[in-house]
Structure formats: structure tokens, C-alpha cells
Amino acid sequence: MLLPKSVKYRKMHKNPLKSYQVATTKTTLAFGSYGLKALTSSWVTSRQIEASRRAMMHFLKRGGKIWIRIFPDKPVTTKGAEVPMGGGKGAVDHYVAVVRPGTIMFEIDGVDRETAAEALRLAKHKLPLQSRFIEKMV
């Protein structure tokens, strides 16, 4: 699974997602001919990214090339079950990538349009947000 090698600060504030904030970076296809673009905002965990990647690779049977454009670098903390209030912030449990509307999450190249669309459709079902298949304009 994806996780950062090192972080400057171990724990982060939550900073709630706002639905009106759209992405300003990673909004155009940079590597592949086809991509998966987010339509809503969400936190995507490293497990969800890995599940999407495995679904695409299984369908492509090692054909084509996949680029993952998001990286989980935000730590999420949890406290144990039935722990009383107080006692500080919990330990880091997992990492998430903050995805805003308009962000391109995955890109594919080296396969035809139908194959890429099906691979990205399979990946889309593993993610907690709405997304759309896009292709590079020629």
C-alpha cells in the first residue's frame, strides 16, 4: 500500500472538505490518453487506491501502462473503542489522499478505448466518490 516515507508532522488537523472547492492542479491528462476524473470530493484511502490499481491491472493483464496521480499523504488518527474523553489525540491509523472535484486520479495508455474504459470502470467501483471516464482530445 501507498504511504509516505517520512512526514514533517506526524498528526494533522482534519480540515473538512468543502463541496465548492474545485481542484486547481492535476486537472488535465498529462501522461496517458485516458483517465478517471473525480466529480465529487472525498478522502481516498491507500487501501482504496491499491484496490483500484489491482482491479485495473487484473483486467489489463499486464498490457498498457497505468499512472496513479493521487498519493495518500494525510494521516488519519483514531482512538480505541470505549476510550474515555481526554488523553489527547489518537495514534495514526491510516493515510488518505484528499481528492477535490476535477482531479484526475488515474491515467491509462497503450490500450484501445474500450479496454481503457472498462478498466477504469472497474477501478471506479472501488472508490468512495463519483467519477467520469475522460480521453485526450486530439
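In the block above lies the structure referred to throughout.
In this text, all values refer to a predicted model and were calculated from it rather than measured experimentally.

Regarding the sheet that holds strand S7 (residues 131–135)
Next up, step 1: If you walk across this open sheet you meet the four strands as S3-S6-S1-S7, and the pairing is antiparallel. The open sheet is flanked by strand S3 (65–68) and S7, the only strands paired with a single partner. Recorded for the sheet is a direction-independent mean angle of 20° between the axes of neighbouring strands.
Next up, step 2: Where S3 meets strand S6 (residues 104–109), four bridges bridge the pair, whose relative direction is antiparallel. In the sheet register, Ile66 faces S6, and the bridge partner there is Ile108.

Structural notes on the nonpolar core
Next up, step 1: If you look at the biggest cluster of nonpolar residues, it comprises 21 residues, and the most contacted ones within it are Met56, Met105, Phe106 and Ile108.
Next up, step 2: When contributions to this core are tallied by element, the ones reaching two or more residues are strand S1 (34–38), helix H1 (46–60), strand S5 (91–99), S6 and helix H2 (113–124).
Next up, step 3: In terms of residue count, H2 provides more of this core than any other element does, four residues in total.
Next up, step 4: Not counting chain neighbours up to four residues away, the residues in contact with Met105 comprise Leu36, Lys37, Ala38, Trp67, Ile68, Arg69, Ile70, Val99, Leu127, Leu129 and Ser131.

Describing the packing of aromatic side chains
Next up, step 1: Tallying each qualifying case throughout the model produces two aromatic pairs.
Next up, step 2: Ring plane angle 15° and centroid distance 5.8 Å describe the contact between Phe31 and Trp67, whose orientation is recorded as stacked. In this pair, Phe31 sits in the segment before S1 while Trp67 sits in strand S3, placing the two residues 36 residues apart along the sequence.
Next up, step 3: Here Phe31 falls in the partly exposed class, since its relative accessible area comes to 45%.

Concerning H2
Next up, step 1: The first and last C-alpha atoms of H2 sit 16 Å apart over 12 residues, in line with the 16 Å expected at 1.5 Å per residue.
Next up, step 2: By the burial criterion, the buried members of H2 are Ala116, Ala119, Leu120 and Ala123. Buried positions in H2, seen along its axis, are confined to an arc of 95° and lie on one side of it.
Next up, step 3: Where H2 starts, the residue carrying a side-chain oxygen 3.3 Å from the main-chain nitrogen of Glu114 turns out to be Asp112.

Conventions adopted
Residues numbered from 1 in each chain as written. Predicted model: local features only at pLDDT ≥ 70, side-chain atom pairs only at ≥ 80, totals over all residues. Heavy atoms only, no water. Pairing = 2+ DSSP bridges. Helix = DSSP H or I, 4+ residues; strand = E, 2+ residues; numbered from the N terminus. Axes fitted to C-alpha atoms, helices over the stretch in contact; angles between N-to-C directions. Core = buried A, V, L, I, M, F, W, Y, C linked by side-chain atoms within 4.5 Å. Buried < 20%, exposed > 50% of the residue type's maximum accessible area, 1.4 Å probe, protein only. Contact = heavy atoms within 4.5 Å. Phe/Tyr/Trp six-rings, centres within 6.5 Å; stacked < 30°, edge-to-face > 60°. Expected span 1.5 Å × (residues − 1). Arc of directions from axis to C-beta. Polar contact = N/O pair within 3.5 Å; in protein donor to acceptor, adjacent residues only side chain to side chain.

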